[in-house]
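Summary of structural features
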Amino acid sequence: MTQPSKTAARAGQPRKPARRRGPLDYEHMREPLLPLDLFLRRLARSGVNWLILIGGSLAIGMLGYHAFGQLGWVDSLLNAAMILTGMGPVDRMPSDAGKLFASAYALFSGVMFLTSVGVLLAPAIHRFLHRFHLQMDEPGGKN
């Protein structure tokens, strides 16, 4: 006697969402839209990741400006925050080491700021695109 296949056994059951794995745990385009409470949890997790990225980047800048730029902690914070947000430096660097650090930190900050904005907005953009895709798949939707 042969046993029915797993797909045949599941034919009458609603499809369960696939098991989530890894940091990018977004639902597949054929899966239903995530419930609002789980979406808000995902959004909060992205906010925490954003704070970690921005806080870590700010700490790197503060340490570098303090060590290489010979600035006090408050001035280091000011310079790091201004560079990280793309506003530009406040204080001149007195040494070549400070200038090299400021150059490297400016390049790092440009990439990190854009990356962190992507991390913060990714859940909302994914939800919008996922909802749009589900509407396209509905009967009567444009294909």
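Look up: the structure comes first, before these words.
This write-up is about the structure you can find in this document. All residue numbers here refer to positions counted from 1 along the written sequence of the relevant chain. In keeping with the model being predicted, local features are shown solely for residues with a pLDDT of at least 70 and side-chain atom pairs are shown and tallied solely at 80 or more, while totals for entire chains, interfaces and linings include all residues. As a convention, hydrogens and water are excluded, and side-chain values are obtained from all of the structure's heavy atoms.

Remarks on the overall build of the protein chain
Assigned secondary structure in the protein chain consists of four helices and zero strands. Going residue by residue from the N terminus, the α and β elements of the protein chain occur as α-α-α-α. Residue pairs in contact within the protein chain that sit at least 24 positions apart in sequence constitute 59% of those at least 6 positions apart. Methods summary: accessible areas were calculated by the Shrake-Rupley approach with a probe of 1.4 Å, and residue burial reflects only the protein chains presented. Roughly 10,400 Å² of accessible area belongs to the protein chain as shown, and the carbon and sulfur atoms make up 67% of that amount. Secondary structure elements are taken from DSSP: a helix is a run of H or I of four residues or more, a strand is a run of E of two residues or more, and numbering for both begins at the N terminus. Contacts are assigned to residue pairs that have any heavy atoms within 4.5 Å of one another.

As for the nonpolar core
As used here, the term nonpolar core means buried Ala, Val, Leu, Ile, Met, Phe, Trp, Tyr and Cys residues forming a set that is joined through side-chain atoms within 4.5 Å. Summary of the burial criterion: residues with accessible area below 20% of their type's maximum are buried, those above 50% are exposed, and those between are partly exposed, where the area comes from a 1.4 Å probe applied to protein chains only. In terms of nonpolar packing, the biggest core is built from 11 residues, these being Ile54, Met62, Tyr65, Leu71, Ala80, Ile83, Leu84, Met93, Phe101, Ala102 and Tyr105. Where this core is concerned, the elements lending two or more residues are helix 2 (36-67), helix 3 (73-84) and helix 4 (96-137). Leave out the neighbours within four places in its chain, and Ala102 touches Tyr65 and Met93.

Some points on the environment of Ala97
As for its placement among the helices and strands, Ala97 is situated in helix 4. For Ala97, a relative accessible area of 38% gives the class partly exposed. Along the primary structure Ala97 and Gly69 are separated by 28 residues, whereas in three dimensions their C-alpha atoms are 7.6 Å apart.

Some details on the packing of aromatic side chains
Each Phe, Tyr or Trp ring (for Trp, its six-membered ring) is paired with any other whose centre lies within 6.5 Å, and the angle between the two planes then decides the class: stacked below 30 degrees, edge-to-face above 60, tilted in between. Within this structure, the stated rule accounts for five aromatic pairs. A centroid spacing of 5.6 Å and a plane angle of 15° characterise the contact between Phe101 and Tyr105, whose relative ring orientation is stacked. One end of the pair, Phe101, and the other, Tyr105, are both in helix 4, four residues apart, so they sit about a helical turn from each other. Centre to centre, the rings of Tyr105 and Phe108 are 6.1 Å apart; their planes meet at 35°, and the pair counts as tilted. With Tyr105 and Phe108 both in helix 4, this residue pair falls three residues apart, about one helical turn. What makes Tyr105 buried here is its relative accessible area of 2%. Put simply, the rings of Tyr65, Phe68, Phe101, Tyr105 and Phe108 touch in pairs and so form one group of aromatic residues. A positively charged side chain is recorded as over a ring if its NZ (Lys) or CZ (Arg) lies within 6 Å of the ring centre. The angle to the ring normal must also be within 35 degrees. For the cation-ring pair, Arg127 lies above Phe39, with the distance from its terminal atom to the ring centre recorded as 4.6 Å.

Regarding the side chain of Ser109
Mapped onto the fold, Ser109 is located in helix 4. Those residues in contact with Ser109 that sit more than four places away from it in its chain are Ile83 and Leu84.

Re a nonpolar patch on the surface
Candidates for patches are residues over 30% relative accessible area with no salt bridge; among them, like charges are joined within 9 Å and nonpolar side chains (Val, Leu, Ile, Met, Phe, Trp, Tyr) within 5 Å. By definition here, a salt bridge exists when the distance from a side-chain nitrogen of Lys or Arg to a carboxyl oxygen of Asp or Glu is within 4 Å. Where nonpolar side chains cluster on the molecular surface, the patch consists of Phe113, Leu114, Val117, Leu120, Leu121, Ile125, Phe128 and Leu129 and spans about 730 Å² of accessible area. Within the secondary structure layout, Leu121 lies in helix 4. What makes Leu121 partly exposed here is its relative accessible area of 41%.

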